Structures are given as structure tokens and as C-alpha cells.
Amino acid sequence: MKKLFFTAIMAIAALAVNAQNIQVHYDFGSKLNDCEDGRQDVTITYETFKADKLGSWFYFIDLDLNKDGAIGAYTEVSREFNVKQLAESNGLAAHIEFDAGQSIGAQFQSAALVGPAWNWHSADFSKTFSLQVMYKQFFGQKNGPDGYASYQLTGVWGLNFLAGKLTFSGFMDFWGGKKAIDNSNCLVFLTEPQLWYNINKSISVGTEVEISNNFIYAPLNDKFLVNPTLAVKFNL
């Protein structure tokens with residue numbers, strides 16, 4: 001699952017622009033972690049962002065593929081409303097989000113999130129940071145887990161350097177979840193730092209490293225899983 005890492009730049013600037021990209025990631029996870037035999041070989045991500053006078057829209061769709069074809073899809077849709085009286089001075093916004101997905105033999109538990117966001121940038125926008133503190137409501141599934149109330153803390157960062165040729169960006173999530181094996185409470189951790197070499201304005205090549213704990217593969221709740229990729233990104 002991925003986020004638009006330059007969303008922070010666009011949202012903070014509050015420019016009336018559109019931004020879209022397609023990323024193709026070759027995933028090494030199933031080859032490094034024996035417990036992830038069912039993990040995808042390739043993920044194709046489509047992201048789009050639009051800023052307006054009120055704030056910004058953002059959504060992405062992940063399509064997971066292996067040699068048998070598509071094995072899963074996941075999406076996040078979010079809206080931010082700038083707090084006009086305060087946004088220009090300290091970057092405050094109201095964040096609303098919906099997450100959902102489906103994989104072969106399983107369904108991601110859908111969730112809605114709401115809470116404040118704080119966005120920061122350097123004078124030239126080469127450094128950005130966004131922090132979101134949210135109430136998270138998981139929805140119950142038919143013949144599946146019940147819904148429950150939770151929380152999520154998200155940080156998003158971006159750093160451009162070497163005259164814009166390199167971009168280091170990513171996000172870090174912490175949320176309250178439940179273990180699939182016994183339904184007990186747990187803290188879920190997920191981060192996906194990315195490093196891109198920007199060949200030009202249209203094409204970048206790079207890598208993403210997904211580091212997680214208590215995320216998806218519940219039997220290994222006591223272990224961190226590391227899943228690196230090789231990737232290419234096309235800005236549309």
C-alpha cells in the first residue's frame with residue numbers, strides 16, 4: 001500500500017493543479033520471507049492528486065499481480081479541508097479518508113478515518129512534512145471480523161536534493177489493530193520509504209522498502225518484515 005509522497009508538497013502549497021503518476025514495483029518480499037509465499041511479484045500503482053481553494057483530493061489504487069494474474073487490489077481516498085483562519089500561518093487542515101481492498105480468499109477490513117493534519121514545508125518546498133492524528137473506524141465484515149473503533153498516527157515526508165535529481169520520501173503509520181489469530185489488540189506499524197532518481201520530469205527509477213510489524217501476515221506478529229522493490233515511475 002502506498003501514498004502519494006509529493007502530496008505534502010502540493011497540499012501545503014494549495015495550488016490549483018493536478019498531479020498523476022503510475023508506478024511499477026517488482027517486489028522481492030516473497031523471496032526473502034518464507035511466510036509471504038502468497039505475496040505479489042509486481043504491484044502497479046496509480047495515484048492522482050488535485051488541490052483546490054478548499055484543500056485537496058487524493059486517491060490511489062494498488063493492483064497486485066503474480067504469474068497467475070491479478071491477485072488483489074487496494075485503494076485509499078482522502079480529502080483535506082484547509083482551516084482558512086490558521087492554514088497560512090501553521091498549515092492546519094481537516095483530514096477525511098476511506099480505505100478498502102480485496103485479495104484472493106480475503107478482504108481487507110474497510111476503514112474510515114477523520115482528524116486534524118498539520119503540514120509544513122521549507123521556503124523552497126524542497127523539504128516537506130505532514131502529520132495526521134486520526135480516529136479510525138473499522139467496519140465489520142459478513143462472515144468476518146466485527147467492526148471496532150481505533151486510532152492512527154501518520155507522518156509523511158519529502159526531501160529533494162542534488163538539484164532535484166534525487167528524491168527521498170515516504171510515510172510512517174501506527175494504528176491500533178487486532179491479531180487475526182486470536183483477535184487480541186496490537187499496535188500495527190508500517191513504513192514505506194522511497195528513493196528516486198529523477199531522469200527527467202516524466203520518468204524516475206528507484207526503490208521502495210516496506211517495513212512492517214503486525215501487518216497482514218498475522219502469524220509473525222513478533223517479527224518485522226522487510227520487503228524491498230525495484231521500481232519505475234511515470235509522471236503523467
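All of these numbers come straight from a predicted model, not from anything done at the bench.

1. Topic: the overall build of the protein chain
Tallying secondary structure elements over the protein chain gives three helices and 13 strands in all. Taken across its 236 residues, the protein chain has 45% of its residues classed as buried. Sequence-distant contacts, at least 24 apart, represent 50% of the contacts inside the protein chain between residues at least 6 apart.

2. Some remarks on the packing of aromatic side chains
All chains considered together, the criterion is met by 11 aromatic pairs. Arranged with centres 6.1 Å apart and planes meeting at 40°, the rings of phenylalanine 58 and phenylalanine 60 form a pair that is tilted. Accessibility expressed as a relative area gives 8% for phenylalanine 58, which makes it buried. Ring geometry for phenylalanine 174 and phenylalanine 189: centres 5.1 Å apart, planes at 45°, overall tilted.

3. Some points on the pairing of strand E9 (residues 166-178)
In terms of strand pairing, strand E8 (residues 148-161) meets E9 through 10 bridges, oriented antiparallel. Considered in E9, the bridge of leucine 159 is made with phenylalanine 168. Taking the residues that link successive antiparallel strands as the turn, the E8-E9 hairpin has four residues, and the phi of leucine 162 there is positive, at about 55°. In this structure, E9 lies alongside strand E10 (residues 185-191), joined through seven bridges in antiparallel fashion. Counterpart to aspartate 173 in the pairing with E10 is leucine 190.

4. Some points on the confidence of the model for the protein chain
The share of residues in the protein chain with pLDDT of 70 or more is 88%, and the mean pLDDT across the chain is 86. By mean pLDDT, helix H1 (residues 7-13) is the weakest element of the protein chain at 44, and strand E11 (residues 194-198) is the strongest at 97. Across residues 5-16, where pLDDT falls below 50, the model places 35 contacts with residues more than four positions away in sequence or in other chains.

5. Quick notes on the side chain of glutamine 109
Relative to the helices and strands, glutamine 109 resides in strand E6 (residues 106-121). There is a polar contact of 3.2 Å between the side chain of glutamine 109 and the backbone oxygen of phenylalanine 139. A distance of 2.9 Å separates a polar atom in the side chain of glutamine 109 from the backbone oxygen of aspartate 146. In this structure glutamine 109 touches Phe138, Phe139, Gly140, Gln141, Pro145, Asp146, Gly147 and Tyr148, once residues within four positions along its chain are discounted.

6. A look at the pattern of salt bridges
Counting across every chain of the model gives three salt bridges. Among the salt bridges present, the one from arginine 39 reaches aspartate 27, with a minimum N-O distance of 3.1 Å. One end of the pair, arginine 39, is in the loop between helix H2 (29-32) and strand E2 (42-51); the other, aspartate 27, is in strand E1 (residues 18-27), and 12 residues separate them in sequence. The exposure classification of arginine 39 matches that of aspartate 27, with both residues buried. Ionic pairing is found between arginine 79 and aspartate 52, a salt bridge with its closest N-O pair at 2.8 Å. One end of the pair, arginine 79, is in strand E4 (residues 69-82); the other, aspartate 52, is in the loop between E2 and strand E3 (55-66), with 27 residues separating them in the sequence. By relative accessible area, which is 6% here, arginine 79 ends up buried. For aspartate 52, a relative accessible area of 24% puts it in the partly exposed group. Here the salt bridges share partners, and the residues they tie into one network are Asp27, Arg39 and Glu210.

7. Details of the nonpolar core
The nonpolar side chains of a soluble globular protein tend to be buried, and buried together. If you look at the biggest cluster of nonpolar residues, it comprises 10 residues: Ala111, Phe138, Tyr148, Val156, Phe171, Trp175, Cys186, Val188, Leu190 and Phe215. Elements that contribute at least two residues to this core include exactly E8, E9 and E10. Among the elements that take part in this core, E10 stands out by supplying three residues, more than any other. In this structure, tyrosine 148 is in contact with Gln109, Lys136, Gln137, Phe138, Gly176, Gly177 and Lys178, ignoring residues within four places of it in sequence.

About the cut-offs
- Residues numbered from 1 in each chain as written.
- Predicted model: local features only at pLDDT ≥ 70, side-chain atom pairs only at ≥ 80, totals over all residues.
- Heavy atoms only, no water.
- Helix = DSSP H or I, 4+ residues; strand = E, 2+ residues; numbered from the N terminus.
- Buried < 20%, exposed > 50% of the residue type's maximum accessible area, 1.4 Å probe, protein only.
- Contact = heavy atoms within 4.5 Å.
- Phe/Tyr/Trp six-rings, centres within 6.5 Å; stacked < 30°, edge-to-face > 60°.
- Pairing = 2+ DSSP bridges.
- pLDDT = per-residue confidence, 0-100.
- Polar contact = N/O pair within 3.5 Å; in protein donor to acceptor, adjacent residues only side chain to side chain.
- Salt bridge = Lys/Arg side-chain N within 4 Å of Asp/Glu carboxyl O.
- Core = buried A, V, L, I, M, F, W, Y, C linked by side-chain atoms within 4.5 Å.

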